Amino acid sequence: MSIMLEIENLQASIDDTPILRGLSLKVGAGEVHAIMGPNGSGKSTLAQVIAGHEDYRVTDGSVLFDGENLLDLAPEERARKGIFLGFQYPVEIPGVNNAYLLKAAVNARRTYQGQDEIDAFEFLKLAREKMSLLDMDPGFLNRGVNEGFSGGEKKRNEILQMALLEPRLAILDETDSGLDIDALKAVAKGVNALRDPQRSIVLVTHYQRLLDYIVPDYVHVLSKGRIVRSGDKSLALELEARGYDWVQEAVSA
Amino acid sequence: MSSEANDIDRLVNRRYEHGFVTDIESESLPPGLDEGVIRAISARKNEPEFMLEWRLKAYRHWLTLNEPNWAHVSYTPIDYQEISYFSAPKSDADRPKSLDEVDPKLLETYDKLGIPLHERARLAGVAVDAVFDSVSVATTFKDKLSEAGVIFCPFSEAVVNHPELVRKYLGSVVPYRDNFFATLNTAVFSDGSFVYIPKGVRCPMELSTYFRINAANTGQFERTLIIADEGSYVSYLEGCTAPMRDENQLHAAVVELVALKDAEIKYSTVQNWYPGDEEGKGGIFNFVTKRGDCRGDNAKISWTQVETGSAITWKYPSCILRGDNSVGEFYSVAVANNMQQADTGTKMIHIGKNTKSTIVSKGISAGKAQNAYRGLVRVMPQAANARNHTQCDSLLIGKQCGAHTFPYIETRNSSAQIEHEATTSKISADQLFYCRQRGISEEDAVNMIVNGFCKEVFKELPMEFAVEAQALLNVSLEGAVG
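A few points on the structure. Since this is a predicted model, take the numbers as computed values, not measurements.

Rules used in this analysis
- Throughout, residues of each chain are indexed from 1 in the direction in which the sequence is written.
- Whichever chain is written first is A, and whichever ligand is written first is 1; the rest continue in order.
- With the structure being a predicted model, the display of local features is reserved for residues of pLDDT at least 70 and the display and counting of side-chain atom pairs for 80 or more, all residues being used for whole-chain, interface and lining totals.
- Derived side-chain values reflect all non-hydrogen atoms in the structure, with water molecules and hydrogen atoms excluded from consideration.
- Put simply, DSSP H or I for four residues or longer makes a helix, DSSP E for two residues or longer makes a strand, and each gets a number counted from the N terminus.
- Put simply, the radius of gyration uses C-alpha atoms, and a globule should come to 2.2 Å times the residue count raised to 0.38.
- Per-residue accessibility, obtained with a 1.4 Å probe over protein chains only, is compared with the maximum for each type, and a residue is labelled buried under 20%, exposed over 50%, and partly exposed between these values.
- All accessibility values rest on the Shrake-Rupley procedure with a 1.4 Å probe; residue burial counts only the protein chains present in the view.
- All tallies of charge rest on Lys and Arg as positive and Asp and Glu as negative; His and the ends of each chain are not included.
- Taken as the charge centre is NZ of Lys, CZ of Arg, CG of Asp or CD of Glu, depending on the residue.
- Stacked, tilted and edge-to-face are the three classes applied to pairs of Phe, Tyr and Trp rings, where Trp contributes its six-membered ring and a pair requires centres within 6.5 Å; stacked means planes under 30 degrees apart, edge-to-face means over 60, and tilted covers the rest.
- Throughout, a residue-residue contact means that at least one pair of heavy atoms, one from each residue, lies within 4.5 Å.
- Joining two parts hides part of their accessible area as seen by a 1.4 Å probe, and the buried area is that hidden amount summed over both.
- Between Lys or Arg on one side and Asp or Glu on the other, a salt bridge is scored when a side-chain nitrogen of the former is within 4 Å of a carboxyl oxygen of the latter.
- Between N or O atoms, a polar contact is any pair within 3.5 Å; within protein, one atom must be a potential hydrogen donor and the other a potential acceptor, and residues adjacent in sequence are included only when both atoms are from side chains.
- Put simply, the grid is 1 Å and covers the protein atoms alone, a cavity is a trapped set of points that fit a 1.4 Å probe, a pocket is an open set with protein on both sides within 12 Å along at least five of seven lines, and lining residues have an atom within 4 Å of a point.
- Grid points are joined across faces, edges and corners, and a volume is the space filled by probe spheres set on the points.
- All residues other than Ala, Val, Leu, Ile, Met, Phe, Trp, Tyr, Cys, Pro, Asp, Glu, Lys and Arg, Gly among them, are scored as polar; the first ten of these are nonpolar and the last four charged.
- Any two strands are treated as partners once DSSP identifies two or more bridges connecting them.
- Each residue after the first adds 1.5 Å to the expected span of a helix.
- Two axes enter the bend calculation: one fitted to the seven residues ending at the residue in question, the other to the seven starting there, and the bend is the angle between them.

Section: the overall build of chain A
- When you go through chain A residue by residue, the secondary structure sums to 9 helices and 12 strands.
- Radius of gyration (C-alpha) of chain A: 18 Å, near the 18 Å computed for a compact globule of 253 residues.
- Each principal axis of the C-alpha atoms in chain A carries an extent, and together these give about 60 × 40 × 35 Å.
- Taken across its 253 residues, chain A has 51% of its residues classed as buried.
- Of the roughly 11,000 Å² that chain A leaves accessible, carbon and sulfur atoms contribute 46%.
- Counting 28 positive and 38 negative side-chain charges, chain A places the averaged centre of each group 2 Å from the other.

Describing the packing of aromatic side chains
All names here are of chain B.
- Here the structure, examined in full by the defined rule, presents 23 aromatic pairs over all chains.
- Each ring, one from F155 and one from F189, has its centre 5.3 Å from the other, and the planes form 90°; the classification is edge-to-face. Of the two residues, F155 sits in helix α8 (residues 155-161) while F189 sits in the loop between α10 (180-188) and β2 (191-197), which places them 34 residues apart along the sequence.
- Between the aromatic rings of F181 and F287, the centroid separation amounts to 4.2 Å while the plane-to-plane angle is 10°, which identifies the pairing as stacked. Of this pair, F181 sits in helix α10 while F287 sits in strand β8 (residues 285-294), placing them 106 residues apart in sequence.
- The class of F181 is buried, set by a relative accessible area of 1%.

Quick notes on the interface of chain B and chain A
- With 16 residues of chain B at the interface, the matching set in chain A holds 32 residues.
- Between chain B and chain A, a total of about 2,000 Å² is buried, with carbon and sulfur atoms accounting for 62% of that surface.
- The three residues of chain B that bury the most area against chain A are F433(B), Y434(B) and R438(B), which together make up 38% of that side's buried surface.
- Where chain B touches chain A, the interface holds 3 salt bridges.
- A salt bridge links E76(A) to R436(B), with the nearest nitrogen and oxygen atoms 2.6 Å apart.
- At the junction of chain B and chain A, the tally comes to 13 residue pairs in polar contact (both at pLDDT 80 or more).

Observations regarding empty space enclosed by the protein
- Counted by the stated rule, this structure contains 4 cavities of 30 Å³ or more.
- Along the walls of the largest cavity sit 15 residues, with S361(B), G363(B), N371(B), A372(B) and Y373(B) positioned nearest its centre.
- Going through the elements one at a time, β12 (327-336), β14 (356-365), β15 (370-379), β16 (387-396) and β17 (402-411) of chain B are the ones with two or more residues in the lining of the largest cavity.
- Along the lines of polarity and charge, the residues of the lining of the largest cavity split into 5 nonpolar, 8 polar and 2 charged.
- The computed volume of the second largest cavity comes to approximately 70 Å³.
- Put simply, the parts of the chain that give the lining of the second largest cavity at least two residues each are α2 (75-80), β6 (83-86) and α3 (98-112) of chain A.

Looking at the pattern of salt bridges
- For the structure on display, the rule yields 30 salt bridges over all chains.
- The partner of R168(A) in a salt bridge is D66(A), with the nearest N and O atoms 2.3 Å apart. Taken together, the residues span a long stretch of sequence, with R168(A) in the loop between α5 (151-165) and β9 (169-173) and D66(A) in the loop between β4 (56-65) and β5 (68-69) at a distance of 102 residues.
- With a relative accessible area of 25%, R168(A) lands in the partly exposed category.
- The class of D66(A) is partly exposed, set by a relative accessible area of 43%.
- With a shortest N-O distance of 2.6 Å, R438(B) and E158(A) are connected by a salt bridge.

Some remarks on the sheet that holds strand β1 (residues 3-14) of chain A
Residue and element names in this part refer to chain A.
- Overall, antiparallel pairing links the 4 strands, which are arranged β2-β1-β4-β5 in an open sheet. Since the sheet does not close on itself, it has two edges, and those belong to β2 (17-28) and β5, each with one partner.
- Pairing of β1 with β4 involves 8 bridges; the strand directions are antiparallel. Within the sheet, the bridge partner assigned to E6 lies in β4 and is L64.

Here's the deal with the side chain of Q88(A)
All names here are of chain A.
- On the secondary structure map, Q88 appears in the loop between β6 and β7 (93-97).
- The exposure class assigned to Q88 is buried, which follows from its relative accessible area of 17%.
- Those residues within four positions of Q88 in sequence are excluded, and the remaining contacts are S44, K155, D173, E174 and S177.

Some points on helix α13 (residues 442-458) of chain B
Residue and element names in this part refer to chain B.
- Under the 1.5 Å per step criterion, the end-to-end length of α13 is 22 Å for 17 residues, consistent within 8% with the ideal 24 Å.
- Along α13, the helix axis deviates most sharply at G452, where the bend reaches about 40°.
- Counted residue by residue, α13 has 12 buried out of 17 residues, so it is predominantly covered.
- For α13, the full list of buried residues reads A445, V446, N447, M448, I449, V450, N451, G452, F453, C454, V457 and F458.

Here it is, written out as structure tokens:
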């Protein structure tokens, strides 16, 4: 199986505070990896660094995507290559039509891939198709980006974007947080529908609950900016039963 | 030696030696302002006596005025004796011969704005052959307008050909004593546009297409008068999205609109004068007085403006809602980037019963710019059931700019309903990162957010202009982030 994402000894800090302290991870094409860990372990930082957030400074290590160094690329270039970040807190952009943003995003990707841009009609057809997949109301498209959306709506909107952009690597940052069980099921259904041998998914989550619905191939536990334990789905269950202290104790022991 | 001294003397005194007769014949007047200059301008335009008297009254009054300083702008004082108050259009010899001689930066901007090739030469001030294709187009427009009875001509032509209309309406909305800049304009204005729409006529076209093709060098003291007679309608478009070459620093225009009973005037402006460089050097000072009078019942005047240019913008397009049930609207987008300063807004004066006004102002500040909204809503005692809704939003890009709101509300009738909403927002780093993570470049993201912010105003613009205005905004804010 080909390696899509290869992270080696990644060290990153924000405002001179080190967060990632030598993290290594390999994600093969078509695999689903879950990254778990207590608050402050660096889960979200990892997601932001892969996406290229400029507040984080990479001090050492490498991140390769399809063998290419990602760290030299601007966030939009990474996105166009097929990296998608589902945000933990999707930002509101008042006045900007959701459909407009989505269409611009789809076309930025298409242009990069040497395809023709799609027009408004084609886009609407495509968007409606994907929305029915997620049980979303088409009225969604005409609202401002995340403007006045409930927590569940925002997360569904993220998955809708993922469905439209068809990324090669999707990193979903706490997509389950703040969702009730129905919303969680809807989001999971959307993500599962997007599982594909050519698409890798990294789920960043605090709770194992999400993994009941999106079953990962691998589970990694993050502590103090490093992966301290890796395993299969059963690791998540063990964590659920024994708590994060168990892993941290095991590491320091 | 003595003959040389004589020559110098003669040069120095030339203005006085021959009175003003020689100056009338010459192409330009030397810098300076006095009654002689005003007489010279009036004579040069073959104006009737009443015009000259009006100009002189204004000039004498202007001498008693001080330049206003209440606006939230600052600039080095203007020396009014250093300005030349009349100059004929540049001769072809002084102009660039072809687009190859024009500043490539300007051409690049035209490209970004999508200005048609044949218009670029004219905008850049290239000496073009008089017989280029737009002439026939303009003639067609002219025929169509005169068929409808619409008068649309340079102001100086109207003064000569329609003195009765000019005499009746000129200064009836903006009196010669109105304010420092309007009074100066009254004394020295060189030309502008005149429009008269007869009773019951719906002007068969936007008065833009024609204007854009035919616009001459209107100069720095422009005067516009638009009269919509009973039951008529006109949509007038002023300005151009393309940056115009202009060497005058001070612009003090006056626009007067008169809407009689059941008439409607829609006046749209896109202003993109040179804003100066990044330090603010060399930009245009734009001190404009624009006012409309809903003189009859059920009249409506609607101002829409997109202001992106000028170093300083001082402008308050206003409506006097005199007729019962009359309606005033003001939709504005004002952009200030780099060192630009804008102090703009409106006045809605409710006099008639059941009068209604709407104000939507969108101010965008970037760089080190200062952007102020200043608006007055006044309800007079006799204005029963007056209504106003004001929405005033500011968007900040970056950390060094400022947005200011100065709303003034005066109500002297208890039945008035006045609503004021104001918001200030910022384009946040999070918003930009979100868009970039979706593959959209930072610049496109800013444009998207700004256009979303301005949507309500853009939809008031005539279609062709709305598209251009959007492109213009993008160009104006280039480099505002990052």
